[in-house]
Amino acid sequence: MSQGIFRNTLAVAGASACLLLGAAMSVHADGQVVKVTPLGSHDGEFCSRDRALVLEDPNGTRILYDAGRTVAGPDDPRLGRIDVILVSHMHGDHVGDQRISETNQGSCASPNTGVSTLPQSNTVDIAVKTNAKIVTGSEMPAFFAAKLKAAGGDPENSMLVRFGGEREVGGVAVTTVPAVHSNGVAPSFLTGPLAEHLKAAGVGASVGPPTGYVLTFSNGLVVYLSGDTGITAEQKLVVNEHYGADLVVMNIGDTFTTGPKEAAYVVNDLVRPKAVIASHANEAATENGAVQEGTRTEQFIGLASMPVHIPLSGKTMSFDSKARCTEGC
């Protein structure tokens, strides 16, 4: 065999081996799933105050997103281990100014969230008990560091990642992206004269702009958490064109956030993911686990051009690297 033919044979064999290895790695990656578990007020339903999700990486890292009012504090048996907590902004229904004592109290439309968590917040209480990292952008890290210290936690567990940067926590890459909303800290989260002055003036303290998040999991799945944003150009330029998010958690509640028609425009024309999880509907969206007619949730599902998954509390959904739901949807 000539040296040229021999070298070509080796090259072909090497290329074939690389293809086989790549295919094996792809199969392996697709076999790794990200688990998403909603923690709402009523088991098996999607209710008016539901915000919280636990996202679990294939490597076991567990991320709590916007604990809000429907996690029953740090001892909620649904929580399990929490490594990272994300907070999109400081409104009470996201950071948690009050909470449920247990699930299924009150109605799906008006759950009983009568346990006050002020001035600390449900988020801080959970972070202290679980020793989780709170990862936020804007000026929120300093606020959470002070709250953690006041509650006997470690202020170093409040970590910053601003727009355009990235922080890896537990094998998951985390970044913040712009959101169009408000982000004032209500005086009820503060103490002393400042709190009284702000309350009297009818304003809150500023901790910078609100955020969304983009998470890149170890199996390659890229997830966009919209927070409470309205329509913004960054959803196309940053979330779609730069990060390439395939799974979106999209707010649809209207008036306070994006409405169902606007949310459908965001996912259909701007972000263009492969799948969506509806969020922040501000309604009793389901009954016995089925979407109710005439709801914003039903309208959004009808308008979206990709699969829309409903976050039924306590029901875990699993997604592969391409945002295909493999279980629980």
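Residues numbered from 1 in each chain as written. Predicted model: local features only at pLDDT ≥ 70, side-chain atom pairs only at ≥ 80, totals over all residues. Heavy atoms only, no water.

A. Structural context of helix α4 (residues 140-150). Within α4 the residues assigned to the buried category are M140, P141, F143, F144, A145, K147 and L148. At its buried positions, α4 is contacted by α2 (92-95), α3 (122-130), β7 (133-136), β8 (158-160), β11 (184-185) and β13 (211-216). G152, located one to two residues past α4, shows a positive phi value of around 85 degrees. (Buried < 20%, exposed > 50% of the residue type's maximum accessible area, 1.4 Å probe, protein only. Helix = DSSP H or I, 4+ residues; strand = E, 2+ residues; numbered from the N terminus. Contact = heavy atoms within 4.5 Å.)

B. Layout of the state of the cysteines. All chains considered together, the criterion is met by two disulfides. Here C47 is linked by a disulfide to C108, with a sulfur-sulfur distance of 2.0 Å. Looking down the S-S bond of the C47 and C108 bridge, the torsion is -110 degrees, so its handedness is left-handed. Taken together, the residues C47 in the loop between β1 (34-38) and β2 (53-56) and C108 in the loop between β5 (98-99) and β6 (115-116) connect sequence positions 61 residues apart. Note that C325 is cross-linked by a disulfide to C329, the S-S spacing being 1.9 Å. Between C325 and C329, the S-S torsion sits near 90 degrees, and that sign places the bridge as right-handed. Judged by its relative accessible area of 26%, C325 is partly exposed. Disulfide partners in the chain, listed by the sequence order of the bonded cysteines, are 1-2, 3-4. (Disulfide = S-S within 2.5 Å.)

C. Examining the pairing of strand β3 (residues 62-65) more closely. Judged by which residues are buried, β3 turns out to be covered on both faces: R62 and L64 on one side and I63 and Y65 on the other are all buried. By the bridge criterion, four bridges tie β2 to β3 in an arrangement that is antiparallel. In the sheet register, V54 faces β3, and the bridge partner there is L64. What sits between the antiparallel neighbours β2 and β3 is a turn of five residues, in which G60 has the positive phi angle 100 degrees. Note that β3 and strand β4 (residues 84-86) share three bridges and pair parallel. Within β4, the residue paired with I63 across the bridge is V84. (Pairing = 2+ DSSP bridges.)

D. Molecular detail of the packing of helix α6 (residues 234-243) against helix α7 (residues 260-271). It is the contact of α6 with α7, at a shortest axis distance of 9 Å, that shows an interaxial angle of 60 degrees. When the axes of α6 and α7 are compared, the pair comes out oblique. Crossing angle aside, the handedness with which α6 passes α7 is right-handed. Each of Q235, K236, V239 and N240 in α6 lies in contact with α7, whose residues at this interface are V266, L270 and V271. (Axes fitted to C-alpha atoms, helices over the stretch in contact; angles between N-to-C directions. Parallel < 35°, antiparallel > 145°, perpendicular 65-115°, else oblique. Left-handed = near helix turned anticlockwise from the far one by under 90°.)

E. Quick look at the packing of α7 against helix α8 (residues 296-303). Contact pair α7 / α8: the axes reach a minimum separation of 9 Å and the direction vectors enclose 30 degrees. On the basis of the axis angle, α7 is roughly parallel to α8. In terms of crossing hand, the pair formed by α7 and α8 is right-handed. Across the interface between the two elements, P260, K261, A263, A264, V267 and N268 from α7 touch R296, Q299, F300 and L303 from α8. Class assignment of the residues belonging to the contact of α7 with α8 gives a composition of six nonpolar, two polar and two charged. (Nonpolar A, V, L, I, M, F, W, Y, C, P; charged D, E, K, R; others polar.)

F. Summary view of the sheet that holds strand β19 (residues 308-309). One open sheet accounts for seven strands, arranged β9-β10-β13-β14-β15-β16-β19; its pairing is mixed. The open sheet has two edge strands, β9 (167-169) and β19, and neither has a second partner. Inspection of the sheet shows strand β15 (residues 247-251) paired to strand β16 (residues 275-279) by five bridges, in the parallel sense. Paired with N251 across the strands is S279, a residue of β16.

G. Summary view of the layout of surface pockets. Volume-wise, the largest pocket comes out at about 160 Å³. Surrounding the largest pocket, R49, R51, R69, H91, D93, H181, D228, F256, H280 and N282 form its lining. The class makeup of the residues in the lining of the largest pocket is one nonpolar, four polar and five charged. (1 Å grid on protein atoms, 1.4 Å probe; cavity = no way out; pocket = protein on both sides within 12 Å on 5 of 7 lines; lining within 4 Å. Points joined across faces, edges and corners; volume = space filled by probe spheres on them.)

H. Representation of the pattern of salt bridges. Counted according to the given criterion, the structure contains 11 salt bridges. Close ionic contact of R51 with D93 constitutes a salt bridge, the shortest N to O distance being 3.0 Å. With R51 in the loop between β1 and β2 and D93 in helix α2, this residue pair connects regions lying 42 residues apart in the sequence. Here R51 matches D93 in class, with each residue buried. Salt-bridge contacts for R78 lead to D76; the nearest nitrogen and oxygen are separated by 2.9 Å. (Salt bridge = Lys/Arg side-chain N within 4 Å of Asp/Glu carboxyl O.)

Function cannot be read off these values alone, since they describe shape.
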